[in-house]
Amino acid sequence: MKAILQTNYGSPDVLQLREVEKPTPKEDQVLVKVRAASINALDYRFMRANPFFIRLMGRGVLKPKDMRFGRDVAGRVEAVGENVTQFRPGDEIFGTANGAFAEYVLAKESYIALKPANRSFEEAAAVPIAALTALQGLRDTAGIRSGQKVLIQGASGGVGTFAVQLAKSFGTEVTAVCSPRNLKLMRSLDADNIIDYTKEDFTKSGQRYDLIFAVNGYHSLSSYKRALCPQGRYVCAGGTLPQIFQAMLLGSRVSEKDGRKFSSMGVAKVDQKDLVYLAELLDAGKITPVIDAHYPLSQTAEAVRYVEEKHAQGKVVITVIHPDKA
Amino acid sequence: MKAMVWTKYGSPNVLQLKELEKPTPKENEVLIKVHAATVTIADCELRRMKGLSPLILAFRIYAGILKPKRITILGQELAGEIEAVGKEVTKFKKGDQVFAPCLLHLGAYAEYKCLPESYPVLKPASLTYEEAATIPTGGINGLDFLRAGNIQPGDSLLINGAGGSIGTYALQIAKALGANVTCVDSAEKLDMLRSIGANHVIDYRQEDFTKNSQTYDVIIDVIGKSSFSRSTQSLKPNGRYVLGNASISSRIRARWTRMTMGKTVIVAVARYKSEYYAFLKELIEAGKLKSVIDRCYPLQQLAEAHRYVEASHKKGNVVITVADSMDK
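All values reported here derive from a predicted model rather than from experimental measurement.

Draft legend 1. Expanded view of the overall build of chain A. Looking only at helices and strands, chain A has nine helices and 15 strands in total. Taken against the 2.2 N^0.38 rule, which gives 20 Å for 326 residues, the C-alpha radius of gyration of chain A at 20 Å falls within 12% of a compact globule. Along the first, second and third principal axes, the C-alpha atoms of chain A reach 60 × 45 × 35 Å. In chain A, which comprises 326 residues, the share counted as buried stands at 47%. If you take every contact in chain A between residues at least 6 apart in sequence, the share linking residues at least 24 apart comes to 66%.

Laid out in structure tokens, this is it:
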């Protein structure tokens, strides 16, 4: 089978299409015939080993020992391991699996869920990590409640587009902050208020929010503090290391002084219950993945370059075409 | 057993060879027959225990206010062979060859040393005891400074005080990862630094790196002596300044700079974690990392070794050989 392998740490040039052996599922594994996969910030952080501690995770100091690449996946179950009870060959699933950018991938049974029938493989593949990050950040870290005023910064990216829709689904009043070219997209996602950050700095407008969810937040914590109600919550997902450190280190300190709380959420946890919940929202049309571009498997490196360089609107999806189907 | 005992705070002469009782390991400890130990600048600073800085005062309270009491033998890292293990020890057995940081126990300048079993690490077979003894301080700190600075392939890195134990490790690791490295130290160490991969070298007596208009993605100040505000100006946008050997006042200034100037200033504190050792082992086995040993002294000549290190002549590491010199 064909698979994208990460041959080294570095630029997208390290991603190469190679012929490798088709894997066989063990115990709790499911063999998935991949139809679509999608790119997350996590992928190119592992690609570049940036932040540095990725090299300290035992994945190889100078180059990755495990060259499989990609996480988000959607496809059809081809075979199952002996202990798998939830899935059968032929089931259409989505979830995460190490090495998603390939014709076939092994997924852990607990890391996947059934794909809603009314959604395409491409749409389903766009969901897992980005939507789990938004869901867990809003619901678990921030404790979102209906009626709150919620501000989403970085609303047009992969996590942001889900965050806007999920916040709406929780019954909150959503303000989306984005660049001028994404205003239309935000309207289409039913954001209640839209702020063009080139025209208005929301930390200086005097408006206050119960919850600020910042994807790659770039204001200082004291500015965010100005824009938070007493008892307000600030959660940042991703961002550069200094920003994450700031939220972790200073955050807890600021929190002690008044009711406001600042937290940084780590990497989203792959939780089957949450995947099932997202599948229900997808099925009911409460969330719709925003897909910026599609690339074939052979052009994964190009696709990653596109995500890294241009701020993609929503997600970039890799489509896997199997020769037997053509 | 024989040991070089730290009899008083003061000059190298306070280190005296004495006959002590051989220690027995507690339940969770291993007894190590010491083959090699090291002398670092930090050992010399501890030995003198001079000055009123909060760190020195805290250590005096720990080690003994007027003279060494709780701690009577210096030496912060060692390599050797496990001689006996306590009842609860599961990780090691007699005969294992290990190296270890002694952390707050100190005590490497002796024929035998007991340490909790969580401290030692199996020595890669390709390394001698002398080489392995230099890893805990130089290797772990060097790696941790790079981690703190988030060094990336293609980054430009300046190491101020690169010629010592930490610097020579940091230089080689950064080179293995594809960074472009400039080393600052005194003239006599520059050839050695070039020989282990430095792309550029600066003699600090001839040139002030903060004034030559060069900028860097990461600056590691091993010795913590360069001008703080000028050093941060030698950083590129998004640059990271990593401060080793940080005094309390520079810790406060680091926080202040981080908050007011938006520059990243990091005070690194080494972590002795298994993944750090695994990282170094992988590089050593790939032939990308070696310990630079300047001189070896037998244990009896420890005072001499301290004098040499104190005079800042040390290129890389100074090692004390223990078991071999005692057998003779």
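Draft legend 2. The sheet that holds strand 8 (residues 149-153) of chain A, seen in detail. All names here are of chain A. As summarised here, the arrangement of the six strands in space is 10-9-8-11-12-13, forming an open sheet in which the pairing is parallel. Each having just a single partner strand, strand 10 (193-196) and strand 13 (261-265) make up the two edges of the open sheet. Each strand axis lies, on average, 15° off the axis of its neighbour in the sheet, ignoring direction. Relative to strand 12 (residues 228-237), strand 11 (residues 209-215) is paired through six bridges, and the arrangement is parallel. Each bridged residue has a counterpart across the sheet, and for Tyr209 the counterpart in strand 12 is Leu228. This element, helix 4 (residues 158-169), spans strand 8, strand 9 (173-178), strand 11 and strand 12 of the sheet and lies at about 170° to strand 8.

Draft legend 3. Layout of the nonpolar core. Among the nonpolar cores identified, the biggest contains 95 residues, and Val32, Val73, Ile152 and Ala163 of chain A are the most heavily contacted of them. When residues of this core are assigned to their parent elements, the largest contribution, seven residues, is made by helix 3 (residues 128-141) of chain A. When residues of this core are sorted by domain, at least three fall in each of domain 1 (2-127 + 290-325) and domain 2 (130-265) of chain A. Leaving out residues up to four positions away in the same chain, Ala163 of chain A has contacts with Ala134, Leu138, Ile152, Ala155, Phe213 and Val215 of chain A. Counting 90 residues, the second largest nonpolar core, distinct from the first, contains Ile166, Tyr216, Leu302 and Val322 of chain B.

Draft legend 4. Structural detail: the interface of chain B and chain A. Counting residues at the interface gives 15 residues for chain B, matched by 15 residues for chain A. At the level of secondary structure, the elements contributing two or more residues to the side of chain B that touches chain A comprise helix 4 (135-148) and helix 9 (274-285) of chain B. In terms of residue count, the dominant contributor to the side of chain B that touches chain A is helix 9 of chain B (six residues). Per-class residue counts for the side of chain B that touches chain A are nine nonpolar, three polar and three charged.

Draft legend 5. Local environment of the pairing of strand 8 (residues 156-160) of chain B. Residues and elements named next belong to chain B. Among the five residues of strand 8, four are classified as buried, and the element is accordingly described as predominantly covered. Where strand 8 lies against strand 9 (residues 180-185), five bridges are found, and the strand directions are parallel. Residue Ile159 lies in a different strand from strand 9, and its bridge partner there is Cys183. For the segment spanning strand 8, helix 5 (residues 165-176) and strand 9, crossover handedness is right-handed. The pairing of strand 8 with strand 11 (residues 216-221) spans four bridges and is parallel. Looking at the pairing, Asn160 lines up with Asp221 of strand 11.

Cut-offs applied
Residues numbered from 1 in each chain as written. Chains lettered and ligands numbered in written order. Predicted model: local features only at pLDDT ≥ 70, side-chain atom pairs only at ≥ 80, totals over all residues. Helix = DSSP H or I, 4+ residues; strand = E, 2+ residues; numbered from the N terminus. Rg over C-alpha atoms; globule rule 2.2 N^0.38 Å. Buried ≥ 20, exposed ≤ 12 C-beta atoms within 10 Å, placed from the backbone. Contact = placed C-beta atoms within 7 Å. Pairing = 2+ DSSP bridges. Axes fitted to C-alpha atoms, helices over the stretch in contact; angles between N-to-C directions. Core = buried A, V, L, I, M, F, W, Y, C linked by C-beta atoms within 7 Å. Domains from an automatic or database assignment. Nonpolar A, V, L, I, M, F, W, Y, C, P; charged D, E, K, R; others polar. Right-handed = clockwise from strand over helix to strand, strands pointing away.

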